[in-house]
Amino acid sequence: MIKPKRLKPGSKIAIISPSNGLPYLFPDIYELGLKHLVEVFGLEVVEMPSARMSQEALYKNPQLRAHDINHCFENEDIDGIITSIGGYESVRILPFLNKDVIVNHPKFIMGFSDATTFLTYLNNLGMITFYGPSVMAGFAQIRSLPDGYTEHLKAILFEDQFPYHYAPYQAWTNGYKDWSQLETLGECQPFMANKNGWTFIQGEAIEQGYLWGGCIEVLEFMKSTIYWPKDDFWQGKILFFETSEEKPSPMQVGYMLRNYGMQGIFSRIKGVIFGRAKDYSAAENVELREILVNIIAKEFGAERVPIVVDFDFGHTDPKLILPLGGRVELNPGTNEVVLLESPFE
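Residues numbered from 1 in each chain as written. Predicted model: local features only at pLDDT ≥ 70, side-chain atom pairs only at ≥ 80, totals over all residues. Heavy atoms only, no water.

(A) Structural view of the overall build of the chain. Secondary structure summary: the chain contains ten helices and 16 strands in total. Rg of the C-alpha trace for the chain: 19 Å, near the compact-globule value of 20 Å for 345 residues, within the 12% margin. The principal-axis extents of the C-alpha atoms in the chain amount to approximately 50 × 45 × 40 Å. Within the span of the chain, comprising 345 residues, buried residues form 59% of the whole. Taking as baseline every contact in the chain between residues at least 6 positions apart, the subset at least 24 positions apart corresponds to 80%. Approximately 13600 Å² of the chain is accessible, and the part contributed by carbon and sulfur atoms is 49%. (Helix = DSSP H or I, 4+ residues; strand = E, 2+ residues; numbered from the N terminus. Rg over C-alpha atoms; globule rule 2.2 N^0.38 Å. Buried < 20%, exposed > 50% of the residue type's maximum accessible area, 1.4 Å probe, protein only. Contact = heavy atoms within 4.5 Å. Areas by Shrake-Rupley, 256 points an atom, 1.4 Å probe, with all protein chains shown as cover.)

(B) Representation of empty space enclosed by the protein. Going through the model one piece at a time under the given rule, you end up with one cavity of 30 Å³ or more. Computed from the structure, the largest cavity encloses a volume of approximately 50 Å³. Secondary-structure elements contributing two or more residues to the lining of the largest cavity are β12 (271-275), α10 (282-299) and β13 (307-311). Among the elements that line the lining of the largest cavity, the one with the most residues is α10, at three residues. For the lining of the largest cavity, the class distribution of residues is four nonpolar, two polar and two charged. (1 Å grid on protein atoms, 1.4 Å probe; cavity = no way out; pocket = protein on both sides within 12 Å on 5 of 7 lines; lining within 4 Å. Points joined across faces, edges and corners; volume = space filled by probe spheres on them. Nonpolar A, V, L, I, M, F, W, Y, C, P; charged D, E, K, R; others polar.)

(C) Inspection of the nonpolar core at higher detail. With 111 residues, the main nonpolar core has Phe 73, Ile 82, Tyr 131, Tyr 166, Phe 241, Ile 273 and Phe 311 as its most contacted residues. The biggest single contributor to this core is helix α7 (residues 147-158), with six residues. (Core = buried A, V, L, I, M, F, W, Y, C linked by side-chain atoms within 4.5 Å.)

(D) Summary view of the side chain of Ser 244. By the element assignment, Ser 244 lies in the loop between β11 (237-242) and α9 (250-262). A distance of 3.1 Å separates a polar side-chain atom of Ser 244 from the backbone nitrogen of Glu 246. (Polar contact = N/O pair within 3.5 Å; in protein donor to acceptor, adjacent residues only side chain to side chain.)

(E) Local environment of α10. Taking 1.5 Å of rise per residue, the 18 residues of α10 would be expected to cover 26 Å, and the 24 Å separating its terminal C-alpha atoms lies within 8% of that figure. Buried within α10 are the following residues: Leu 288, Ile 291, Leu 292, Ile 295, Ile 296 and Ala 297. Phi for Gly 301, located one or two positions after α10, is positive at around 70°. (Expected span 1.5 Å × (residues − 1).)

(F) Looking closely at the sheet that holds β12. Pairing in this open sheet of eight strands is mixed, and the strands run β6-β16-β15-β10-β11-β12-β13-β9 from one edge to the other. Either end of the sheet is taken by a strand with one partner, and the two such strands are β6 (164-165) and β9 (199-202). Relative to strand β16 (residues 336-339), β6 runs antiparallel, the two being bridged by two bridges. When the sheet's bridge partners are listed, Tyr 164 is paired in β16 with Leu 339. (Pairing = 2+ DSSP bridges.)

(G) Inspection of the environment of Met 262 at higher detail. Within the secondary structure layout, Met 262 lies in helix α9. You can call Met 262 exposed: its relative accessible area is 65%. When the C-alpha atoms of Met 262 and Ser 281 are compared, they prove to be 29 Å apart, with 19 residues separating the residues in sequence.

Structure below.
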């Protein structure tokens, strides 16, 4: 894999809005996220033209949004890129990305949710990308989240201590307080104790592979396009999936997963990591687990594939960073998920 250079305090981070213009609608929470990037992590923020554009302007100009990304990669003064927020149609920018410029100038790029489109596409081209917090959803709330969250982000982004053993956070939340209310800006909805951490619901043997995935609904936008991986891509991958605030039902998740089985993907991969499903009830979580095992193991015969659920990434907080293309180990016996080597050069 093509690895970006490691970040350090003082690195210049470009902020992009590749999908939705929420910084335009909620400037206070956006600016709080920028403030934390500077004060907590010592990064220098560089806002790209798309960063504060309105939703209407962004929607009408997918080429402009892609141009921001292309410019970030070709600009030697930019060290990395973080999205302001997600959205719903960043798939439209993919035809305008300059893949030669990007691959020949690899840099740190991170987002989640709708950023799944270009994070997976750039990874398909051979570059490590990062599934993690955005400015408005993750960085803006950092002072309201458990201390281990900041420690995790600094460990992945700045330190070079690998193998890195992921650890469950002590508590988690489904979301944030109203972004239009200044008195609670950056605060989260009530936290729930993370008593059990994540759980392996299938698998016995230790498996190693390379991470690939994102928001399972967004990945549906890409199937059958030229940006979907070729058949030989899937060998040795560990897939990671999570669900958005739109809350697809367990059965709908099953419909999406069944398509992977029909592509023959489950016979080639080394494991599946499923994020904590946002806003799911206890009963829905039980149903989701049953569907995961039923489809992957029973329908498509992949009983050997380890499946771990309730992993701390995606649309609940705090989030863990998962590098697409990073080599990880799943150990069902010890309940461990380990990033084996640095995602940076």
